[in-house]
Amino acid sequence: MEAQNAQRRSYQVVIAATRDMGIGIDMKLPWDLPNEFQFFQDVTSRTSDPRKRNATIMGRKSWEATPLEFRPLPDRLNVVLTRSNCHSIPTDDDNVMVCGSMESALELLAKPPYSFSIEKVFFIGGGELLRHYMNAPSCDAIHLTEVDLTVPCDTFAPRVDTCLYHPWYSSLPVVENGIRYCFNTYVRRKDLIFGSVGKITQY
Ligand SMILES: NC(=O)c1ccc[n+]([C@@H]2O[C@H](COP(=O)([O-])OP(=O)(O)OC[C@H]3O[C@@H](n4cnc5c(N)ncnc54)[C@H](OP(=O)(O)O)[C@@H]3O)[C@@H](O)[C@H]2O)c1
């Protein structure tokens, strides 16, 4: 699904959101769903080539919001985006890379050694970056856990643009801690081409 030899890698988004697309409150997740977190761990860790690993790209605040015992996310290259030079992200850790922009991260991941060692690239939030990079041209697929909750949130993701992505997989509902949720995957529509006047034409 990802472009290995392109100048920039493409990526898949993996997030969980409430009905209103709420993803966070007070720098935490608005729920306690260990099995949902395990799904996230599995999707972002799994590789078909055991010699490779995946990359997870996240905003600096999402890095800081990840509990210390889970970061860096094991068995993945953790790419943290920040515009600042003074941060407390450990740059001496082989599993952590700091980048100044999404574009520079995707370019770096398209070059050796990462073009050989990184199988898939996942973008995992948070809200500030999702505003620009969910539904973006380099986003091949969106794994969205739809959490059937209406709770206060201070961080949101955009809705999946169904003109650009079509539903590809939807799980049966799961109930955990009294909360119902579904795993959904949307993939980028291949049946869209740009017409001569720049309009999207659907076949
Ligand atoms: N439910 C989910 O699936 C999910 C997933 C992830 C996060 N979350 C939640 O989301 C919240 C955090 O999200 P957030 O929106 O506050 O922050 P965020 O998007 O994780 O991080 C924002 C930070 O990223 C850096 N950044 C933003 N745009 C950038 C760019 N174009 N280039 C380089 N760096 C850039 C900046 O860091 P500097 O200020 O250092 O420059 C900015 O302050 C938390 O509540 C977390 O729990 C939920």
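Provided above is the structure to which this section pertains.
Criteria and thresholds
Residues numbered from 1 in each chain as written. Predicted model: local features only at pLDDT ≥ 70, side-chain atom pairs only at ≥ 80, totals over all residues. Heavy atoms only, no water. Helix = DSSP H or I, 4+ residues; strand = E, 2+ residues; numbered from the N terminus. Rg over C-alpha atoms; globule rule 2.2 N^0.38 Å. Buried < 20%, exposed > 50% of the residue type's maximum accessible area, 1.4 Å probe, protein only. Contact = heavy atoms within 4.5 Å. Areas by Shrake-Rupley, 256 points an atom, 1.4 Å probe, with all protein chains shown as cover. Near = heavy atom within 4 Å. Polar contact = N/O pair within 3.5 Å; in protein donor to acceptor, adjacent residues only side chain to side chain. Arc of directions from axis to C-beta. Core = buried A, V, L, I, M, F, W, Y, C linked by side-chain atoms within 4.5 Å. Pairing = 2+ DSSP bridges. Salt bridge = Lys/Arg side-chain N within 4 Å of Asp/Glu carboxyl O. Phe/Tyr/Trp six-rings, centres within 6.5 Å; stacked < 30°, edge-to-face > 60°.

The secondary structure content of the protein chain amounts to five helices and 13 strands. Against the compact-globule benchmark of 17 Å for 203 residues, the protein chain has a radius of gyration of 17 Å, which places it among compact chains. Referenced to the eigenvectors of the C-alpha coordinate spread, the extents of the protein chain come out at roughly 50 × 45 × 35 Å. For the protein chain, buried positions account for 46% of its 203 residues. When contacts within the protein chain are restricted to residue pairs at least 6 apart in sequence, long-range pairs at least 24 apart make up 64% of them. Total accessible area computed for the protein chain in this model is approximately 11200 Å², and 53% of it derives from carbon and sulfur atoms.

Lining the immediate surroundings of the ligand are 27 residues, of which Ala16, Arg60, Ser62, Thr82 and Glu128 lie closest. Between the ligand and the protein, one listed contact pairs an oxygen atom with a backbone N or O atom of Lys28 at 3.5 Å. Measuring from an oxygen atom of the ligand, one finds a backbone N or O atom of Gly127 at 3.0 Å. For the ligand, whose accessible area on its own is 930 Å², the fraction buried by protein is 87%. At the level of secondary structure, the elements contributing two or more residues to the shell around the ligand comprise β1 (11-17), β2 (22-24), α2 (60-65) and α5 (127-133). Here the shell around the ligand gets four residues from one element, more than from any other, and that element is α2.

In this section: helix α3 (residues 102-109). For α3, the set of buried residues is Met102, Ala105, Leu106 and Leu109. All buried residues of α3 project into a common sector of 95° when viewed along the axis, lining one side.

By size, the foremost hydrophobic cluster in this structure holds 33 residues, and its most contacted members are Tyr11, Val13, Ile57, Val79, Phe123, Met134 and Ile142. If sequence neighbours within four positions are ignored, Ile57 has contacts with Val79, Leu81, Met102, Ala105, Leu106, Leu109, Val121, Phe122, Phe123, Ile124 and Gly125.

This part is about the pairing of strand β6 (residues 118-123). Across the six residues that make up β6, a large majority, six, are buried. Here β1 runs beside β6; their pairing, made up of two bridges, is parallel. Across the sheet, residue Val13 finds its bridge partner in β6, namely Phe123. By the bridge criterion, four bridges tie strand β3 (residues 53-59) to β6 in an arrangement that is parallel. Its bridge partner lying in β6, Ala55 is registered against Val121.

With that settled, consider the pattern of salt bridges. Summed over all chains, the structure comprises seven salt bridges. One salt-bridge network, in which partners are shared between bridges, spans Arg19, Asp148 and Arg180.

Turning our eyes to something else, we now look at the packing of aromatic side chains. What the rule picks out here adds up to six aromatic pairs. For the ring pair Phe39 and Phe183, a centre distance of 3.9 Å and an interplane angle of 25° mean the geometry is stacked. Here Phe39, found in helix α1 (residues 34-45), pairs with Phe183, found in strand β11 (residues 179-188); they are 144 residues apart in sequence, far enough to count as distant. Geometrically, the ring pair formed by Phe123 and Tyr133 is edge-to-face, given 6.5 Å between the ring centres and 90° between the ring planes. Residue Phe123 is located in strand β6, and its partner Tyr133 is located in helix α5; the two are separated by 10 residues in the primary sequence. With relative accessibility at 0%, the residue Phe123 sits in the buried group. Note on Tyr133: relative accessible area 17%, which makes it buried. By the ring-pair criterion, three or more aromatic residues cluster together here, those being Tyr11, Phe123 and Tyr133.

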